[in-house]
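# Fold and contact review
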Amino acid sequence: MQILPSGLVVPPLPYVITLVVLTAASVAGLYLLDPPVTSRQVLALAPWMIAGGAFHAFEQAGLFPTVLEPFFAAPAVYVTTFLLAAAVWLPSVIRAQMLDDVGRIARNLGVFGTALVLALTGVAYAFAIGRVDSTTALVWLPIGFLGAGVLTAPVYYLLALKWTGAVDRAGVAGPLVVYAHALDGFSTAVGVDVIGTGERTPIPRRIMDFAETLPTYPYIGKGWLFAVVKLVVAAGIVVLLADLVEDDPTQGNLLFAFVAAVGMGPAGNNLFLFLIGPAL
């Protein structure tokens, strides 16, 4: 049975060696510096997660020079994005330790990550304007982020009512995880039910195939069930990881960051592809 998404490409050996060496060096540097990882840092990594999805969308649209394309194809794009974030993370950790200011790490990651996403958004709109068949394509990016917020708010409110302690322990990483997967679910539903895209990942495709057999399909489509599953699973993960964050903040927050990236990266890829479209 297929588990991994279709379209994954192993880059040529020189690219693999480059990525492996740089990743090993970055991870070793972070390990030796041993910085604390806070929930604020997890939140500050969110723009980098979106940037990773945008980078892959640019590669799918053929916007990178041929020599750079292997760095931004899946799954190499996730490693490339980590390396770009590490280029900010490592100096920020060193500077924070010199000044005894751990908050500097989150500030730097957040500022540079946000600037990168804004730059990528500007490039995407500059590319799309005048090329899209309908101006509707220009609004899916903001609608996606706003729609995910509308889904996240009531879910996290109910979660806080039932598991108040877990929500407190999770900090700002908790709502980020739920928002990331709300964004993935919402953007996927828009893609399959409104825009008419396909789904490359087997498990979501099976969930939506099942939703297509339900009597609700003619009225609300099939993507809604995937969005609901994503929200339930994300809320459950927040509750499960909350105790780990209290016992081992660094490990717990790193896991929160990973779970958020699994939702935010594909969601960013969806939304940027809705804007610029794949290569023809």
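Quantities reported herein were computed from a predicted structural model and do not represent experimental measurements.

### With respect to the nonpolar core
Counting residues in hydrophobic clusters, the biggest one holds 71 residues, and the most contacted among them are W89, L109, V238, F256, M264 and F272. At 12 residues, helix α13 (residues 249-276) tops the list of elements feeding residues into this core. Apart from the residues lying within four places of it in its own chain, the contact partners of F256 are V42, A170, A173, V177, I237, V238, L241, A242 and V245.

### Points about helix α1 (residues 13-33)
Between its first and last C-alpha atoms α1 spans 30 Å; for 21 residues at 1.5 Å apiece the expected length is 30 Å, and the two agree. Residues of α1 that are buried: Y15, L19, S26, G29 and L30. Viewed end-on, α1 has its buried residues packed into an arc of 100 degrees, placing them on one side of the element. Looking at α1, the residues exposed on the side facing more than 90 degrees away from the buried face are L13, P14, V20, Y31 and L32. Packing partners of the buried residues in α1 comprise α4 (69-72) and α5 (76-99). Looking one or two residues past α1, D34 carries a phi angle of roughly 50 degrees, positive in sign.

### Considering the packing of aromatic side chains
The final tally for this structure, using the stated rule, is 6 aromatic pairs. With a centroid separation of 6.3 Å and an interplanar angle of 45 degrees, the aromatic rings of F55 and F64 are classed as tilted. A relative accessible area of 7% places F55 in the buried class. Residues F64 and F72 carry aromatic rings whose centres are separated by 4.1 Å and whose planes lie at 5 degrees to one another, so their mutual orientation is stacked. Taken together, the ring pairs in this structure connect F55, F58, F64, F72 and F272 into an aromatic cluster.

### What to know about the environment of P70
Along the polypeptide, P70 turns up in helix α4. Distance from P70 to A86, taken between C-alpha atoms, is 19 Å for residues 16 residues apart in sequence. Residues in contact with P70, not counting those within four places in the same chain, are P11, P12, Y15 and A76.

### Notes on the UniProt feature "transmembrane region" (unreviewed entry) in the protein
Annotation from UniProt places "transmembrane region" (unreviewed entry) at residues 12-33, 70-90, 111-132, 138-159, 224-242 and 254-276. Across residues 224-242 one finds 100% helix and 0% strand; the C-alpha atoms that close the span lie 27 Å apart. Secondary structure across residues 254-276 comprises 100% helix and 0% strand; the distance between its end C-alpha atoms is 32 Å.

### Concerning the side chain of T80
Within the secondary structure layout, T80 lies in helix α5. Residues contacting T80, with those up to four places away along its chain left out, are L19, F71 and F72.

### A word on the packing of helix α9 (residues 173-195) against helix α12 (residues 223-247)
At a closest axis distance of 8 Å, the pairing of α9 and α12 adopts a crossing angle of 170 degrees. Classified by the interaxial angle, the pair formed by α9 and α12 is roughly antiparallel. Here α9 contributes G174, V177, V178, H181, A182, D184, G185, F186, T188, A189, V192 and D193 to the contact with α12, which in turn contributes G223, W224, F226, A227, K230, L231, A234, A235 and V238. When grouped by side-chain class, the residues that make up the contact of α9 with α12 number 13 nonpolar, 5 polar and 3 charged.

### A word on the environment of A227
Among the secondary structure elements, A227 is positioned in helix α12. Here the alpha-carbon distance between A227 and L116, two residues 111 residues apart in the chain, equals 28 Å. Ignoring sequence-local partners within four residues, the contact set of A227 consists of G185 and F186.

### Comments concerning the packing of helix α3 (residues 46-60) against helix α6 (residues 103-128)
Between α3 and α6, the least distance of the axes is 8 Å, while the angle of their chain directions is 30 degrees. Classified by the angle between their axes, α3 and α6 sit roughly parallel to one another. The handedness of the crossing between α3 and α6 is left-handed. Side by side, α3 and α6 meet where P47, W48, I50, A51, A54, F55 and F58 of the first sit next to L109, G110, F112, G113, T114, L116, V117, L120, V123 and A124 of the second.

Quick notes on the rules
- Residues numbered from 1 in each chain as written.
- Predicted model: local features only at pLDDT ≥ 70, side-chain atom pairs only at ≥ 80, totals over all residues.
- Heavy atoms only, no water.
- Core = buried A, V, L, I, M, F, W, Y, C linked by side-chain atoms within 4.5 Å.
- Buried < 20%, exposed > 50% of the residue type's maximum accessible area, 1.4 Å probe, protein only.
- Helix = DSSP H or I, 4+ residues; strand = E, 2+ residues; numbered from the N terminus.
- Contact = heavy atoms within 4.5 Å.
- Expected span 1.5 Å × (residues − 1).
- Arc of directions from axis to C-beta.
- Phe/Tyr/Trp six-rings, centres within 6.5 Å; stacked < 30°, edge-to-face > 60°.
- UniProt positions renumbered as here; feature names shortened; annotations may be inferred.
- Axes fitted to C-alpha atoms, helices over the stretch in contact; angles between N-to-C directions.
- Parallel < 35°, antiparallel > 145°, perpendicular 65-115°, else oblique.
- Nonpolar A, V, L, I, M, F, W, Y, C, P; charged D, E, K, R; others polar.
- Left-handed = near helix turned anticlockwise from the far one by under 90°.

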